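# A structural walkthrough
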Amino acid sequence: MDCFVNTETISDPQETLLEDLGSSIWKNVKDGNYESAINEIKEEKYKLCLLHNSLDLVPVITKLLQEDLDPEGEICIEELLVYIASVANAKEALLVFLEELEIHTSEVQFRVMLQPIQTILLRQASKNTRPMTFSWVFNTLYSRIAVMNLPTGYNLEGKEKKLLDVHPEVQAVSNAVQWLKDFYLVFYNKVVNEELVWTGKVTNSREYLSSFLLQLFHKPFTYLDVYCNEGEVESLLYRTCGDLVNMVASLLCNVFKLFSNITWSSSKTILANERESDKDLGIKQRNGDESLETEDEQDKKDEISQLSIASFFYCILGQNMASDYVPCVYSHQYVFLECLPLIANLLQEKEHIPIHKGLTLAKVLLNKLPQKTLPSESHEARAHSSFPQLLIRIMIFCNNRELRTTALEIFQSHFHKFDSIGRRKLIQALLLSVKHAGVLGLVIQELKENIAFSLSQETLDPNFTGKKLTNLVQIACSLPDAEKTDMLEWSDCIMAALNLLIFVFIRDVENKTGIVELAPVLKTGYLSQLQKGLDLSKGHYELKLKDLSSHSSKQKCMDMNVCVGGTILPNMLPDQEKNIVQTAICSLDMMQCVLARAIQAIENRI
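Values in this document were obtained by computation on a predicted structure and should not be read as measured data. (Residues numbered from 1 in each chain as written. Predicted model: local features only at pLDDT ≥ 70, side-chain atom pairs only at ≥ 80, totals over all residues. Heavy atoms only, no water.)

Time to look at the pattern of salt bridges. Between side chains of opposite charge, pairing is possible as soon as their charged atoms come close. Enumeration according to the criterion identifies 14 salt bridges in this entry. Lys27 is paired through a salt bridge with Asp31; the nearest N and O atoms lie 3.1 Å apart. Of the residues examined, Lys27 reaches a relative accessible area of 52% and is grouped as exposed. When the shortest N-O distance is used, the salt bridge between Glu78 and Arg111 registers 4.0 Å. Separated by 33 residues along the polypeptide, Glu78 in helix 4 (residues 71–87) and Arg111 in helix 6 (residues 107–124) bring together distant segments of the chain. What makes Glu78 buried here is its relative accessible area of 13%. What emerges from the salt-bridge pattern is a single network uniting Glu74, Glu78 and Arg111. (Salt bridge = Lys/Arg side-chain N within 4 Å of Asp/Glu carboxyl O. Buried < 20%, exposed > 50% of the residue type's maximum accessible area, 1.4 Å probe, protein only. Helix = DSSP H or I, 4+ residues; strand = E, 2+ residues; numbered from the N terminus.)

Put into structure tokens, the structure is as follows:
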């Protein structure tokens, strides 16, 4: 037989017998005589040669899987391999099965090989089992799943994500994970019933098995859409994931045990602290996304990846899986702060699906926190300094509208969970750290709302009065390049700052906040720079408009190229460019009107 192992000289009768058996099995399977093939391998005369020489027979049988077999034929191959696994030398058989698993990559071959490997491991399972072989097999099987292709680069929103369920790559991974779940289920039951106990360095067999199950929550589950609204039909992937979550949760009994495995390290503090603002209020240190540097390397002693834990808690808390194993005695505040590194790890990913998981987990945990209850000390929690900046990065740069909107909702909700000290510190940190005008406008609006709330109370909030308030207003009312600042680019921030000044100087008639002391500084500093900058900008655009009205400038316009993001845009018609310039002038006029109101409000208080 061509497919069988050829030897130049066969002197061992057992080898001759094994070759005859291989040839016979090959012929019976090819002819569809599956029962004959199974009965023949179980004959007594082959037991001895299978015990010592099965290494040569396994490749022959697995090669049959490359032939065009029907489902019954695949079942026949699986039964043949299971029988060999039950009678052959366990160590040798395991080596050859794992070798075959690495060589062959089809779905059918992976599925068929699982039960024989399981059979060999079960032969070694006892209440005093060494973990080395099991660890080797479990990691090998996971590595096979981890290298499977996953869909990437899709920008799907809402129900569009359901299209991924029928993606060939997702279906292949879903099947593989389901087969692997069934493979683990046998060992799970034995561990739960204490029929399988690993010894040696393994101190807890339940946690030992759970660590291998958790591997699957890194890849593939982190990068697959494991999401289902109440009442919707669950996909195969979602059900399989739910089964694995329940297995891990029941092994751990208390899922929050995993909090001890959470790590976080950052090479820089992302948000500025109070000391930076106290040093020099005239210099705004706006560290944007380029300063967002975190170390991806985990503690080498940590056997469970952070994305595995993050995806697992997304399933537990974000999708309400295994709710019977979630203790209710932990405070929502504690759970949120412990999960922050996990949320940050998900938000750091490039693909939309893990980002969606991170946002969902953050939203669920924040919604459970009462308003204004999170203490200011929470700013010192692991990954907290990165959390707002990661939300900002998604709000600005993510090309998925659903994710941007959700990130904005969480960003605003996050403010309202802190006590007054925490809100002041967060506002100050963001004013010093963010360099995007639109986001700064949101932060300044939040400052305004807190001042308004303080003024509406009988007793003013000390965090939004006096020196603390004037510090915040001074930071908010500054231009990155003085009068040379691009006024249109910074219009959102400028308008928010001017509205803040108008509100506080008109609303605080009795100067309860002490804002009047800041009036001279604002008038000669920020407002003066802003007036000069607006005059310069408006003069520039008016000159440009005048040029566009002349025939010669129109001719030049046709020769002009505009490059955005490395792409040269089509030339604009003169009328189009003229409309853009007129719109810019209108925006500058509006800012000048608001500036005039702010100056008037301040002068009335001096």
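Let us keep going from here.
Inspection of the secondary structure puts Thr62 in helix 3 (residues 47–63). Residues Thr62 and Glu74, 12 residues apart in the sequence, show an inter-C-alpha distance of 9.9 Å. Not counting chain neighbours up to four residues away, the residues in contact with Thr62 comprise Leu81, Glu100, His104, Gln109 and Met113. (Contact = heavy atoms within 4.5 Å.)

In this structure, Ser308 sits in helix 12 (residues 306–318). What makes Ser308 buried here is its relative accessible area of 2%. In this structure, the C-alpha to C-alpha distance between Ser308 and His218, residues 90 residues apart in sequence, is 4.0 Å. At a separation of 3.1 Å, a polar atom in the side chain of Ser308 contacts the main-chain carbonyl oxygen of Leu214. (Polar contact = N/O pair within 3.5 Å; in protein donor to acceptor, adjacent residues only side chain to side chain.)

A word on unusual backbone geometry. Cis peptide bonds are those with omega within 30 degrees of zero, and the linkage from Lys219 to Pro220 qualifies with 25 degrees. Note on placement: Pro220 falls in the loop between helix 9 (205–218) and helix 10 (236–252). Its identity is not glycine, yet Ala383 carries a phi of approximately 70 degrees, on the positive side. Considering the arrangement of structural elements, one finds Ala383 in the loop between helix 14 (352–367) and helix 15 (387–397).

All told, the structure shown has 0 disulfides when counted by the stated rule. You can see Cys241 has no disulfide; the closest cysteine sulfur is in Cys315, sitting 3.5 Å from it. (Disulfide = S-S within 2.5 Å.)

Running from amino to carboxyl end, helix 17 (residues 420–433) crosses helix 18 (residues 437–456) at an angle of 150 degrees, the nearest separation of the two axes being 10 Å. Classified by the angle their axes make, helix 17 and helix 18 are roughly antiparallel. Crossing of helix 17 against helix 18: the hand is left-handed. Residues Arg423, Ile427, Leu430 and Leu431 of helix 17 form the contact with helix 18, whose own contacting residues are Leu440, Val443, Ile444, Glu446, Leu447 and Asn450. Taken together, the residues of the contact of helix 17 with helix 18 break down into 7 nonpolar, 1 polar and 2 charged. (Axes fitted to C-alpha atoms, helices over the stretch in contact; angles between N-to-C directions. Parallel < 35°, antiparallel > 145°, perpendicular 65-115°, else oblique. Left-handed = near helix turned anticlockwise from the far one by under 90°. Nonpolar A, V, L, I, M, F, W, Y, C, P; charged D, E, K, R; others polar.)

So, on to the nonpolar core. Residues Phe138, Phe183 and Phe313 are the most contacted members of the largest nonpolar core, which totals 190 residues. Looking at which element gives the most residues to this core, the answer is helix 8 (residues 168–192), with 12 residues. (Core = buried A, V, L, I, M, F, W, Y, C linked by side-chain atoms within 4.5 Å.)

To continue, consider helix 3. At Asn53, helix 3 shows its maximal kink, close to 90 degrees. Of the residues making up helix 3, those classed as buried are Cys49, Leu50, Asn53, Ser54, Leu57, Val58, Val60, Ile61 and Thr62. (Bend = angle between axes of the 7 residues up to and from the residue.)

Counted according to the given criterion, the structure contains 22 aromatic pairs. Summarising the aromatic geometry, the rings of Phe138 and Phe212 are spaced 5.1 Å apart at their centres and angled 65 degrees between planes, so their arrangement reads as edge-to-face. In this pair, Phe138 sits in helix 7 (residues 132–146) while Phe212 sits in helix 9, placing the two residues 74 residues apart along the sequence. Of the two residues, Phe138 and Phe212, neither departs from the other in class, the shared state being buried. Aromatic side chains Phe256 and Phe313 sit 6.1 Å apart centroid to centroid with 15 degrees between the ring planes, which places their arrangement in the stacked category. Here Phe313 lies in helix 12 and Phe256 lies in the loop between helix 10 and helix 11 (274–279), a separation of 57 residues in the sequence. An aromatic cluster is present here, built from Phe134, Phe138, Phe183, Tyr184, Phe187, Trp198, Tyr208 and Phe212 joined pairwise through their rings. Seen from the ring of Trp179, Arg111 lies directly overhead, with NZ or CZ sitting 6.0 Å from the centre. Cation over ring: Lys372 sits above Phe453, and NZ or CZ is 3.6 Å from the ring centre. (Phe/Tyr/Trp six-rings, centres within 6.5 Å; stacked < 30°, edge-to-face > 60°. Lys NZ or Arg CZ within 6 Å of the ring centre and 35° of its normal.)

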